[in-house]
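# Observations on the three-dimensional arrangement
Listed here are the chains, written in short residue letters.
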Amino acid sequence: MKRKVLSALLSVAMIATMLVGCGNSADSNAPAEAPAESEAPAEDAAPAEDAAESAAPAGEGGLIGVAMPTKDLQRWNQDGSNMEAQLKEAGYEVDLQYAANDIQTQVSQIENMISNGCKLLVIASIDGDSLGTVLAQAKEAGVPVIAYDRLIMNSDAVSYYATFDNYMVGTVQGEYIRDALDLENAEGPFNIELITGDPGDNNARFFFGGAMDVLQPYIDSGKLVVKSGQVSFEECATANWATEAAQSRFDAIIASNYSDGTTLHAVLASNDSTALGVANSLAANYTGEYPVLTGQDCDIASVKNMIAGKQSMSVFKDTRDLATQVVKMVDAIMKGGEAPVNDTESYDNGTGVIPSYLCEPVFADVNNYKELLIDSGYYTEADLQ
């Protein structure tokens, strides 16, 4: 009888040892469960320092790769830091990388994330059409992919998409111009110029399309006049959303159309980096009545311009909210479930509609920026001095 009891105890001990080994395997796709608080440590446990490093909230057990396009734009720094902080708070390890707007760098970073054992990838792509090969590797390795804020095109490896309602961003900008100029009632005509973002960023077309759906009827009727004649997306695009490229293009537009004192009444700029280029060009080349100027992202430089009267509005996309939603999506996937989404119709990446979660944007201007940006803790008063 004693031999049977001893044999049983040895068997339990061996099984427990095997389970611990499996729980620490880098190949496991499921997050490891933290030990119950009441469990006493084994006599041969790791040193206290190592134990402290391994302790984490429930849900830990996976390394999450977060690929951001660049540090050159303020918003991506905020996105990356918010994402990293919230994922770590939820109990995940994070490999956060920025690619300096270089496609091959981003490809290499993603390859390294896969080979280093990332269990899920969150990717804000530089060019939505350039990641097909590396994402095929992710799919083969069983690594889910969430496209972050920029839809990744022509890849069936994309599981989900998380972004703000990009079409709504554009309509908010168009409606702001409509209301500021009182286009419903004023006789006009009013002169307007258009500037949007990078042609490799699928979102740029949504921004521009949403705004033009509001403004195009007034252009067609002649109440709005684009004196440069540049109205198509391709004519108005700005490579890499670069401030310098936007400024250079606008220098040419002002020299050709507004140097004789003609009033420029409004500028549709799809984001703050292009709006900053417009503002710089206006300061250097334009002496007329200052136009209504839109933007997006509430970058510090543009909020300062807004306070100074050099930019009219900026669409506020609270990246903390988007990060929170992505963490919920990551957690659901890592626990074997489906990520929460609220749109299954809008975003087709060429291989099918990608289930998406769309956060809702709002606009900030000189009348409400304190409430939206300072009272919420997004910025401090000192940030905007």
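Each remark here, short or long, concerns the structure printed above.
Keep in mind that what you see is a predicted model, and the values were worked out from it rather than measured.

## Section: the overall build of the chain
Tallying secondary structure elements over the chain gives 13 helices and 12 strands in all. Here the chain holds 385 residues, and the buried ones make up 48% of them. Nonlocal contacts in the chain, meaning residues at least 24 apart in sequence, comprise 73% of its contacts between residues at least 6 apart.

## Observations concerning the pairing of strand E6 (residues 190–195)
Counting buried residues along E6, six of its six residues qualify, which places the element largely inside the surrounding structure. The alternating pattern of E6 places Phe190, Ile192 and Leu194 and Asn191, Glu193 and Ile195 on opposite faces, both of which are buried. As paired elements, E6 and strand E7 (residues 224–225) share two bridges and run parallel to each other. In the strand pairing of E7, Phe190 is matched with Leu224. Taking the sense of rotation as the criterion, the β-α-β connection linking E6, helix H7 (residues 202–221) and E7 turns out right-handed. Of the pairings in the sheet, the one linking E6 to strand E8 (residues 266–269) comprises four bridges and is parallel in character. What sits directly across from Leu194, in E8, is Leu268.

## Some details on the nonpolar core
Ile64, Leu87, Val122, Ile146, Tyr148, Leu224 and Val330 are the most contacted members of the largest nonpolar core, which totals 56 residues. Looking at which element gives the most residues to this core, the answer is H7, with nine residues. Excluding residues within four positions of it along the chain, Leu224 makes contact with Leu181, Leu183, Phe190, Ile192, Leu215, Tyr218 and Ile219. Counting residues in each nonpolar core, the second largest holds 24 residues, with Val107, Ile123, Val145 and Ala147 among its members.

## Regarding the sheet that holds strand E2 (residues 93–98)
Read across the sheet, six strands follow the order E2-E1-E3-E4-E5-E11 without closing on themselves; strand pairing throughout is parallel. Whereas interior strands pair on both sides, the edge strands pair on one side only; in this sheet they are E2 and strand E11 (356–359). The average undirected angle you get between the axes of adjacent strands in this sheet is 20°. The pairing of strand E3 (residues 118–123) with strand E4 (residues 145–148) spans three bridges and is classified as parallel. Residue pairing across strands places Leu121 opposite Val145, the latter belonging to E4. Sheet strands touched by helix H4 (residues 103–115): strand E1 (63–68), E2 and E3. Its angle to E3, the strand with the most contacts, is close to 155°.

## Observations regarding unusual backbone geometry
Residue Pro189 is bonded to the preceding Gly188 through a cis peptide linkage, with omega at 0°. Note that Pro189 resides in the loop between helix H6 (166–180) and E6. A positive phi angle, near 55°, is found at Cys298, a position not held by glycine. With respect to the helices and strands, Cys298 occurs in the loop between strand E9 (292–293) and helix H11 (300–307).

## Observations regarding helix H5 (residues 132–140)
Burial in H5 covers these residues: Val134, Leu135 and Ala138. Here the buried residues of H5 occupy an arc of 95° about the axis, which is enough to place them on one side. Exposed residues lying more than 90 degrees from the buried face of H5 are Thr133 and Glu140. Packed against the buried residues of H5 are H4, E3, E4 and strand E5 (158–164). Backbone geometry just downstream of H5 places Gly142 in the positive-phi region, at approximately 75°.

## Quick notes on the sheet that holds E7
Taken in spatial order, the four strands line up as E7-E6-E8-E9 in an open sheet, and their pairing is parallel. A strand with exactly one partner marks an edge of an open sheet, and here the two such strands are E7 and E9. One ladder, built from two bridges, connects E8 with E9; its direction is parallel. Residue pairing for E9: Val267 is matched across the bridge by Leu293. Strand contacts of H7: E6, E7 and E8, with the helix running at about 155° to E8, the strand carrying the most contacts.

## Observations concerning the pattern of salt bridges
This structure, assessed with the given rule, holds 11 salt bridges. Linking Arg75 and Asp79 is a salt bridge whose minimum nitrogen-to-oxygen distance equals 2.9 Å. In this pair, Arg75 and Asp79 are both assigned in helix H3 (residues 74–89), four residues apart and thus about one turn of the helix distant. There is no split in this pair, since Arg75 and Asp79 are both buried.

## Overview of the environment of Leu358
By the secondary structure assignment, Leu358 is in strand E11. Taking the C-alpha atoms as reference points, Leu358 and Asp343, separated by 15 residues in sequence, lie 7.0 Å from one another. Apart from residues no more than four positions distant in its own chain, Leu358 is found in contact with Thr163, Phe164, Asp165, Asn342, Asp343 and Tyr347.

## Some remarks on the environment of Asn154
Relative to the assigned elements, Asn154 resides in the loop between E4 and E5. Spatially, the C-alpha atoms of Asn154 and Gly128 are 8.2 Å apart, while their sequence positions differ by 26 residues. Residues contacting Asn154, with those up to four places away along its chain left out, are Asp129, Asn349, Gly350 and Thr351. A distance of 2.6 Å separates a polar atom in the side chain of Asn154 from a polar atom in the side chain of Asp129.

What counts and what doesn't
Residues numbered from 1 in each chain as written. Predicted model: local features only at pLDDT ≥ 70, side-chain atom pairs only at ≥ 80, totals over all residues. Heavy atoms only, no water. Helix = DSSP H or I, 4+ residues; strand = E, 2+ residues; numbered from the N terminus. Buried < 20%, exposed > 50% of the residue type's maximum accessible area, 1.4 Å probe, protein only. Contact = heavy atoms within 4.5 Å. Pairing = 2+ DSSP bridges. Right-handed = clockwise from strand over helix to strand, strands pointing away. Core = buried A, V, L, I, M, F, W, Y, C linked by side-chain atoms within 4.5 Å. Axes fitted to C-alpha atoms, helices over the stretch in contact; angles between N-to-C directions. Arc of directions from axis to C-beta. Salt bridge = Lys/Arg side-chain N within 4 Å of Asp/Glu carboxyl O. Polar contact = N/O pair within 3.5 Å; in protein donor to acceptor, adjacent residues only side chain to side chain.

Just distances and angles here, no functional claims.
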